Amino acid sequence: MQSTTLTLGPVLFNWPADRWRDFYFRIADEAPVDHVCIGEVVCSKRQVFFAEVLPQVIERLERGGKEVLLSSLALPTLKRETRHDAELLNGRHMVEVNDVSLLPSVAGRPHAIGPFVNIYNEGTLAFLASRGARLVALPPELPRSSIEAIASALPDVTVEVWAFGRTPLAISARCYHARVHGHSKDSCQFVCDRDADGMTVETLDHEPFLAVNGVQTLSYAFCNLLKEANDLVDTGVSSLRLSPHTCDMVAVAQLFRAVLDGQRDADEAFALSHDACPSATFANGFVHGAAGALYV
Amino acid sequence: MTSSAANDLELICPAGTPPALRVAVDAGAHAVYCGFQDETNARNFPGLNFSRADMAAAIDYAHQRNCKVFIAVNTFPRAGDAALWRRAIDDAAALGADAVILADIGLLAYAAERQPDLRLHLSVQAAASSPEAIRFYTDTFGVKRVVLPRVLSVAEIADINAAVACETEVFVFGGLCVMEEGRCSLSSYVTGRSPNMHGVCSPPSHVSYHEADGSFVSRLGNFTINRIPARQPAAYPTLCKGAFRAGGTVGQVFEDAVSLDASKLLPALSRAGVKALKIEGRQRSRAYTRAVVGAFRAALDAMANNTEIPLGILLQLSEGQSATHGAYVKTWR
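Residues numbered from 1 in each chain as written. Chains lettered and ligands numbered in written order. Predicted model: local features only at pLDDT ≥ 70, side-chain atom pairs only at ≥ 80, totals over all residues. Heavy atoms only, no water.

Asker: Please set out the overall build of chain A residue by residue, giving values where relevant.
Answerer: When helices and strands are counted, chain A shows 11 helices and 12 strands. For 296 residues, the compact-globule estimate of 2.2 N^0.38 gives 19 Å, and chain A sits close to it at 18 Å. Along the longest, intermediate and shortest principal axes, the C-alpha atoms of chain A span 50 × 50 × 35 Å. Across chain A, the fraction of contacts at a sequence separation of at least 24, relative to all contacts at a separation of at least 6, is 67%. Of the accessible surface of chain A, which amounts to about 10300 Å², a share of 48% is contributed by carbon and sulfur atoms. (Helix = DSSP H or I, 4+ residues; strand = E, 2+ residues; numbered from the N terminus. Rg over C-alpha atoms; globule rule 2.2 N^0.38 Å. Contact = heavy atoms within 4.5 Å. Areas by Shrake-Rupley, 256 points an atom, 1.4 Å probe, with all protein chains shown as cover.)

Below, the structure written as structure tokens:
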């Protein structure tokens with residue numbers, strides 16, 4: 001049986017180009033991940049920032065033995081946005097589809113489906129697989145029972161589960177970064193670049209709750225399924241997704257790899273993940289069918 | 001189709017219960033939408049929705065009065081357990097529903113194959129927000145109408161209508177999702193219960209209230225959603241309408257406690273080529289349904305007759321509550 005792969009999802013946040021490039025260079029050289037999805041998923045206005053360094057990042061990742069996938073936007077509404085997504089198909093890389101709008105263009109060729117397309121059951125996955133979906137990231141809110149039903153029904157598809165990082169919870173036409181800072185979306189001044197892991201949203205009782213990333217809302221807690229990793233493999237899951245943050249993602253990837261390979265105890269790895277991401281609060285509720293904010 | 005579209009505009013009205021359905025039909029709905037009594041529809045609330053016998057009688061009542069019935073089967077089937085959802089589609093067809101409103105790709109494939117004569121509408125929960133996405137559903141499953149997500153401006157809706165072959169339907173009144181519908185897990189992050197999986201958002205079972213330090217505190221799950229001075233009217237703690245702290249400010253980070261009122265945009269929406277106007281609120285009272293449906297029907301009749309649109313009634317309905325045009329106006333973003 002093929003070993004479980006690790007996918008590094010796209011950087012969801014607005015990072016300066018040099019940070020973005022250096023992050024991927026280190027991933028290329030040091031992180032034991034198999035697939036790396038790159039590209040802007042959240043806000044098309046950010047695409048220009050790293051366009052120039054994109055080719056060298058791809059080249060470096062491939063030299064490091066990673067398979068590179070190009071991620072499409074989660075909510076394209078403008079013509080230039082759907083055109084940009086369609087142009088991703090012109091290259092030699094597999095594309096990760098994050099919105100239904102791209103499904104007609106990828107039909108009949110191998111492609112990946114990202115966590116922003118709703119695959120809640122095996123009927124939907126069977127349909128998409130028949131059109132060429134090969135690597136499929138399930139919605140992060142799915143419980144283990146659903147994951148198992150989907151993965152076991154389609155063993156030929158690489159089914160992936162959101163395993164590390166702030167969990168995407170919603171996307172909107174409205175930019176909350178701009179709103180909080182008193183700007184309109186069209187003249188946002190790119191204030192989202194102030195929060196490299198998202199802007200913390202607290203309750204009025206000062207309890208950290210959510211994280212805002214432009215038009216996207218994420219969990220405050222970082223999903224961390226190190227302790228569930230091997231059980232998920234037993235359900236038929238064949239890839240785990242790690243979502244980039246400013247903490248030590250190479251260390252995070254090494255911990256997941258070691259747990260999957262049976263070289264490190266999951267409890268011990270979980271304890272070490274606090275050292276890799278010291279400021280993170282961890283949660284695993286969704287996979288246990290509980291509130292996503294909980295650590296069960 | 002843009003200049004005379006007012007003549008064709010359909011008014012799509014909510015029916016949470018059989019009595020509410022009769023009220024909506026009598027008040028002038030061109031079509032009503034409703035769901036079965038289970039988690040197959042996105043308003044899976046206690047005391048709401050229709051048994052099979054209710055539905056048969058409701059369709060009979062509506063059809064006798066030249067009103068259509070659309071059945072919403074618009075949650076995402078639970079993995080390994082799609083039978084409940086498939087039966088909803090088969091029963092909708094057998095009962096003579098005029099359309100089913102679906103969101104799940106697997107369910108659309110099932111309906112297109114097993115019930116080829118059943119008219120398919122795409123639920124707002126499918127979040128089809130571009131011509132390319134809409135064409136996927138029309139070309140693949142023969143979807144005849146798409147309910148557009150509340151992320152588009154009127155100009156963008158006009159562009160979509162110019163680019164697609166199917167009909168479009170838009171929300172004009174009632175509760176407003178701030179996030180794109182069908183892609184929001186905020187509720188399940190806090191309660192474990194979500195619109196997509198369970199047909200609920202910020203469910204009452206997880207709401208609690210208490211007073212502390214002279215404040216009235218609303219909580220959802222383990223999180224405080226709002227805190228207001230005691231004895232002021234408190235809004236229901238829908239997660240995205242709550243008050244929070246972010247970026248050094250305190251307030252409604254996502255959206256104020258507002259509801260959608262696009263009544264002033266009816267001519268613009270008509271010119272944008274939409275086919276149908278949808279009123280939210282299957283959970284609302286019969287009195288509310290009667291008033292809103294009646295007012296919108298009067299407005300549509302006035303548009304069709306080229307007379308002045310009587311907005312007064314609608315303005316009264318949103319009195320005491322803030323209203324918004326939502327994403328229809330670009331500055332909302």
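Read on for the rest.
Asker: Residues and numbers for the domain arrangement of chain B, please.
Answerer: Residue and element names in this part refer to chain B. Domain assignment breaks chain B into domain 1 (5–176 + 258–332) and domain 2 (186–251). Here the C-alpha centre of domain 2 lies 27 Å away from the C-alpha centre of domain 1. Contacts between the two partners involve 11 residues from domain 1 and, on the opposite side, 7 residues from domain 2. The tally of links between domain 1 and domain 2 comes to 0 salt bridges. Counting the contacts that link domain 1 with domain 2 gives 4 residue pairs in polar contact (both at pLDDT 80 or more). Considering only residue class, the side of domain 1 that touches domain 2 consists of 5 nonpolar, 4 polar and 2 charged. (Domains from an automatic or database assignment. Salt bridge = Lys/Arg side-chain N within 4 Å of Asp/Glu carboxyl O. Polar contact = N/O pair within 3.5 Å; in protein donor to acceptor, adjacent residues only side chain to side chain. Nonpolar A, V, L, I, M, F, W, Y, C, P; charged D, E, K, R; others polar.)

Asker: Lay out the state of the cysteines with the relevant residues and their values.
Answerer: This model, assessed by the stated rule, comprises 1 disulfide over all chains. Unpaired in this structure, Cys192 of chain A has its nearest cysteine sulfur neighbour in Cys188 of chain A, at a distance of 6.1 Å. Of all cysteine sulfurs in the structure, the one in Cys67 of chain B sits closest to Cys34 of chain B, which takes part in no disulfide; the separation is 9.6 Å. Relative accessible area serves as the criterion here: at 0%, Cys34 of chain B is assigned to the buried category. (Disulfide = S-S within 2.5 Å. Buried < 20%, exposed > 50% of the residue type's maximum accessible area, 1.4 Å probe, protein only.)

Asker: Can you lay out helix 7 (residues 144–153) of chain A for me, pointing to particular residues and giving the numbers?
Answerer: Those residues of helix 7 of chain A not exposed but buried are Ser146, Ile147, Ala149, Ile150 and Ala151 of chain A. Each element contacted by the buried residues of helix 7 of chain A is listed here: helix 6 (122–130), strand 7 (158–171) and helix 9 (229–235) of chain A.

Asker: I'd like to hear about the pairing of strand 10 (residues 223–229) of chain B, residue by residue, with values.
Answerer: All names here are of chain B. Burial of strand 10 is extensive: 5 of the 7 residues sit out of reach of the surface. Sheet analysis places strand 9 (residues 215–220) next to strand 10, joined by 6 bridges and oriented antiparallel. Opposite Ser218, over in strand 10, you have Asn226 as the bridge partner. Here strand 9 folds back onto strand 10 in antiparallel fashion, the turn holding 2 residues, of which Gly221 has a positive phi close to 55 degrees. (Pairing = 2+ DSSP bridges.)

Asker: Describe the pattern of salt bridges, listing the residues and the values that go with them.
Answerer: A full pass over the atoms with the stated rule returns 37 salt bridges over all chains. Residue Arg174 of chain A pairs with Glu255 of chain B through a salt bridge whose shortest N-O separation is 3.1 Å. With one member in each of two chains, Arg174 of chain A in the loop between strand 7 and helix 8 (176–180) and Glu255 of chain B in the loop between strand 12 (249–251) and strand 13 (258–261) form a pair that bridges those chains. For the pair formed by Arg174 of chain A and Glu255 of chain B, the shared burial category is buried. A salt bridge links Asp38 of chain B to Arg52 of chain B; the nearest nitrogen and oxygen atoms lie 4.0 Å apart. In this pair, Asp38 of chain B is assigned in the loop between strand 2 (31–34) and helix 2 (52–64) and Arg52 of chain B in helix 2, connecting sequence segments 14 residues apart. A residue is classified by how much of its surface remains accessible, and Arg52 of chain B, at 27% relative accessible area, is partly exposed. Counted as one network, the salt bridges with shared partners bring together Glu10, Lys68, Arg119, Arg145, Glu167, Glu169 and Lys278 of chain B.

Asker: Describe in detail unusual backbone geometry, supporting the description with residues and values.
Answerer: All names here are of chain B. For Ala127, which is not a glycine, the phi torsion comes out positive at approximately 55 degrees. Secondary-structure assignment places Ala127 in the loop between strand 5 (120–122) and helix 5 (131–141). Judged by its relative accessible area of 4%, Ala127 falls in the buried class.

Asker: How would you sum up the interface of chain A and chain B? Please name residues and give values.
Answerer: Opposite the 65 residues of chain A that make contact, chain B presents 63 residues. Taking both partners together, chain A and chain B bury about 5200 Å²; carbon and sulfur atoms supply 59% of that area. The three residues of chain A that bury the most area against chain B are Arg174, Leu204 and Phe209 of chain A, which together make up 14% of that side's buried surface. Taken together, chain A and chain B are joined by 6 salt bridges. The partner of Asp186 of chain A in a salt bridge is Lys330 of chain B, with the nearest N and O atoms 3.3 Å apart. (Buried area = accessible area lost by both parts, 1.4 Å probe.)

Asker: Give me the packing of aromatic side chains: which residues, what numbers.
Answerer: All names here are of chain A. Evaluated as defined, the whole model comprises 23 aromatic pairs over all chains. Arranged with centres 5.2 Å apart and planes meeting at 75 degrees, the rings of Phe23 and Tyr24 form a pair that is edge-to-face. Given the relative accessible area of 12%, Phe23 is considered buried. Relative to Phe282, the ring of Phe164 has its centre 6.1 Å away and its plane inclined at 55 degrees; by these criteria the two rings are tilted. Of this pair, Phe164 sits in strand 7 while Phe282 sits in strand 12 (residues 282–283), placing them 118 residues apart in sequence. (Phe/Tyr/Trp six-rings, centres within 6.5 Å; stacked < 30°, edge-to-face > 60°.)

Asker: Any chance you could break down the packing of helix 4 (residues 105–114) of chain B against helix 5 of chain B for me, citing the residues and the numbers?
Answerer: Residues and elements named next belong to chain B. At a minimum axis separation of 10 Å, helix 4 and helix 5 run at an interaxial angle of 30 degrees. By the angle class used here, helix 4 and helix 5 are roughly parallel. Note on element contacts: helix 5 touches helix 4 through Phe136, Tyr137 and Phe141, opposite Ile105, Leu108, Ala109 and Ala112. Looking at the contact of helix 4 with helix 5 residue by residue, the class counts come to 7 nonpolar, no polar and no charged. (Axes fitted to C-alpha atoms, helices over the stretch in contact; angles between N-to-C directions. Parallel < 35°, antiparallel > 145°, perpendicular 65-115°, else oblique.)

Asker: Which residues make up the confidence of the model for chain B, and what values go with them?
Answerer: Residues and elements named next belong to chain B. Averaged over all residues, the pLDDT of chain B equals 91, while 95% of them reach at least 70. Every residue in residues 1–6 is under pLDDT 50, and counting partners more than four places away or in other chains gives 8 contacts. Interface predicted TM-score (ipTM) for the complex: 0.96; the corresponding pTM is 0.95. (pLDDT = per-residue confidence, 0-100.)

Asker: Describe the sheet that holds strand 9 of chain B, naming the residues involved and giving the relevant values.
Answerer: All names here are of chain B. Spatially, 3 strands are ordered 8-9-10 in an open sheet, and the strand pairing comes out antiparallel. The strands lining the two open edges of the sheet, one partner per strand, are strand 8 (207–212) and strand 10. Averaged over all pairs of adjacent strands, the angle between strand axes in this sheet comes to 25 degrees, irrespective of strand direction. Bridge count for strand 8 against strand 9 is 6 bridges, and the pairing is antiparallel. What sits directly across from Ala212, in strand 9, is Ser215.

Asker: Give me the lowdown on the environment of Ala42 of chain B, citing residues and values where you can.
Answerer: All names here are of chain B. Inspection of the secondary structure assignment puts Ala42 in the loop between strand 2 and helix 2. Residue class for Ala42 comes out buried when judged on its relative accessible area of 10%. Sequence separation between Ala42 and Leu277 is 235 residues, and the spatial gap between their C-alpha atoms is 19 Å. Aside from chain neighbours lying at most four places away, what touches Ala42 is Asn74, Thr75, Gly199 and Arg282.

Asker: Explain helix 11 (residues 266–276) of chain A to me, and be specific about the residues and the numbers.
Answerer: All names here are of chain A. All of the buried residues along helix 11 are Ala266, Ala269, Phe270, Ser273 and Ala276. Here the buried residues of helix 11 occupy an arc of 105 degrees about the axis, which is enough to place them on one side. Tucked into the core, helix 11 has its buried residues touching strand 10 (216–224), helix 10 (249–260) and strand 12. Measuring from the side-chain oxygen of the N-cap residue of helix 11 to the backbone nitrogen of Asp267 gives 3.1 Å; that N-cap residue is Asp265. (Arc of directions from axis to C-beta.)

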